[in-house]
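An overview of the molecular structure
Letter by letter, the chains look like this.
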Amino acid sequence: MNADNNATTSKIGIALAGGGPLGGIYEVGAIAALAESMEGLDFNAADIYVGVSSGSFIAAALANGISPARLTHMLIDNGKSEEIFDPELLLKPAFREYWNRASSVPPLLWKSLKQFLADPFDRGLYESFARLGRALPTGVFNNAGIGRFLAQLFRAPGRTNDFRKLRNQLFLVATDLDSGESVPFGAEGWEDVPISRAVQASSALPGLFPPVRVRGRYFVDGALIKTLHASVALKHGAKLVLCINPLVPFDAQLAEKRGGKERHKLVEGGLPVVLSQTFRAIIHSRMRTGMDRYQHQYPDADVLLFEPHADDAAMFFTNVFSYRDRHTLCEHAYQMTRRDLWRRRHMLRPILARHGIRLRTEVLRDPHRSLLDDKLPSLEPVRGLARVTVTLRHTLDELDAWLKAKKV
């Protein structure tokens, strides 16, 4: 931090949105780029962390002192960490949920049959048997593996699974299924919930994972109400909040205009791609509304958002369960965030300086920087292309600035 009094007392928050394993890996690459480019800010020593859904996993790890570099090794498994998170943990069938629902079928069927036979003409077949919908599982997969993994991860020396024992504030947001209320675990009254359990609740996407029970209440994904919940950090006094949102709707027309290798028609991807685009569009529109609201509600605070560009096909079409694609996406996020920082450097520098942070443009200008180990051959084509892209972008930016200066 610099000597400016306002800068030294400025509270800094980090808010991470959700996005499943894909979003988590993107966030790690983006955070690594931000961390090396911002002098005066330790991403393991921010004042406030806010996480939602998969962002809660990353926020909890950062608050526990796990560095961006270590998180990278943990999520992409390049042999440099004994603590490896395998996304396939999320694909374990929810057998207990299946059994509990299946066991309810006989009594539900009997009650439905009795109701239909008692008054078949008035109620009708569909209305009488509608209650059988209660037997459908509330989730396909079991995300308890996340809780177990994190509980073990936070047992290591210097880490904790207790919100109250952290050096700084950590808030992990989930949604109460019965009331629709957003609950920030880690806030007053919710500090005793284990961090690992809070992550599991915050990332329980309805339909994919069953709701998570905490104190007799059932919780689902925190993104149901808000995308980022940066307001939690602002309400707790943060004057600078760095936000990362990994999911944006894909603009196929823009991608084509900017020289995409192939024209994408999302309808050709079937239901999964259509649902993905729909989900992204909804949460992104809602997030933009929230960002505008922050400017009016907290005029003395700075909120900076980092996210993929709308034409980022690599981010939209990556298969997160592919080993190679995980490597590629993490490096891609790192390089694209560096490019974004360089593009916005004139706007970002004075904002960051107000909070005692210097944007290291000399780092951003270096085209040879890479997040991942140079010994990974599978990434060489991607890394080489990223370096060429960064260099070209820097040159074009400098040329544009020179031409504008000449016009003046």
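Reading the values: the criteria
- Residues numbered from 1 in each chain as written.
- Predicted model: local features only at pLDDT ≥ 70, side-chain atom pairs only at ≥ 80, totals over all residues.
- Heavy atoms only, no water.
- Salt bridge = Lys/Arg side-chain N within 4 Å of Asp/Glu carboxyl O.
- Helix = DSSP H or I, 4+ residues; strand = E, 2+ residues; numbered from the N terminus.
- Buried < 20%, exposed > 50% of the residue type's maximum accessible area, 1.4 Å probe, protein only.
- Core = buried A, V, L, I, M, F, W, Y, C linked by side-chain atoms within 4.5 Å.
- Contact = heavy atoms within 4.5 Å.
- UniProt positions renumbered as here; feature names shortened; annotations may be inferred.
- Pairing = 2+ DSSP bridges.

1. Quick look at the pattern of salt bridges
All chains considered together, the criterion is met by 15 salt bridges. A salt bridge links R215 to D192, with the nearest nitrogen and oxygen atoms 2.4 Å apart. Placement of R215 in the loop between β6 (212-214) and β7 (217-221) and of D192 in the loop between β5 (182-185) and α9 (195-202) is noted, with a sequence separation of 23 residues between them. Relative accessible area serves as the criterion here: at 43%, D192 is assigned to the partly exposed category. For D366, the salt bridge goes to R369, with nearest N and O atoms at 3.8 Å. Under the relative-accessibility criterion, D366 is labelled partly exposed at 26%. Several salt bridges converge on common partners, so that one network encompasses E36, R338, D366 and R369.

2. Quick notes on the nonpolar core
M38, F57, I58, L170, L172, F185 and I195 are the most contacted members of the largest nonpolar core, which totals 76 residues. Apart from residues no more than four positions distant in its own chain, M38 is found in contact with F43, L242, F306, L341, L352, I357 and R358. Judged by nonpolar contacts, the second largest core, of 23 residues, contains V173, A223, A233 and A238.

3. A short note on the UniProt feature "active site" (unreviewed entry) in the chain
Taking the numbering used here, the UniProt-annotated feature "active site" (unreviewed entry) corresponds to S53 and D221. In summary, the annotated positions, though distributed over 169 residues, converge in three dimensions, the widest C-alpha pair being only 5.7 Å. Structurally, S53 can be placed in the loop between β3 (48-52) and α3 (54-63). Excluding residues that lie within four positions of it along the chain, S53 makes contacts with G18, G19, S202, S203 and D221.

4. Section: the pairing of β3
The buried count for β3 comes to 5 of 5 residues, which makes it a mostly enclosed element. Alternating residues of β3 divide into I48, V50 and V52 and Y49 and G51, and every residue in both groups is buried. Pairing analysis gives 4 bridges linking strand β1 (residues 12-16) to β3, with the strands arranged parallel. Bridge pairing in β3 links I14 to Y49. Note: β3 against strand β4 (residues 169-176), 5 bridges, orientation parallel. Residue pairing across strands places V50 opposite F171, the latter belonging to β4.

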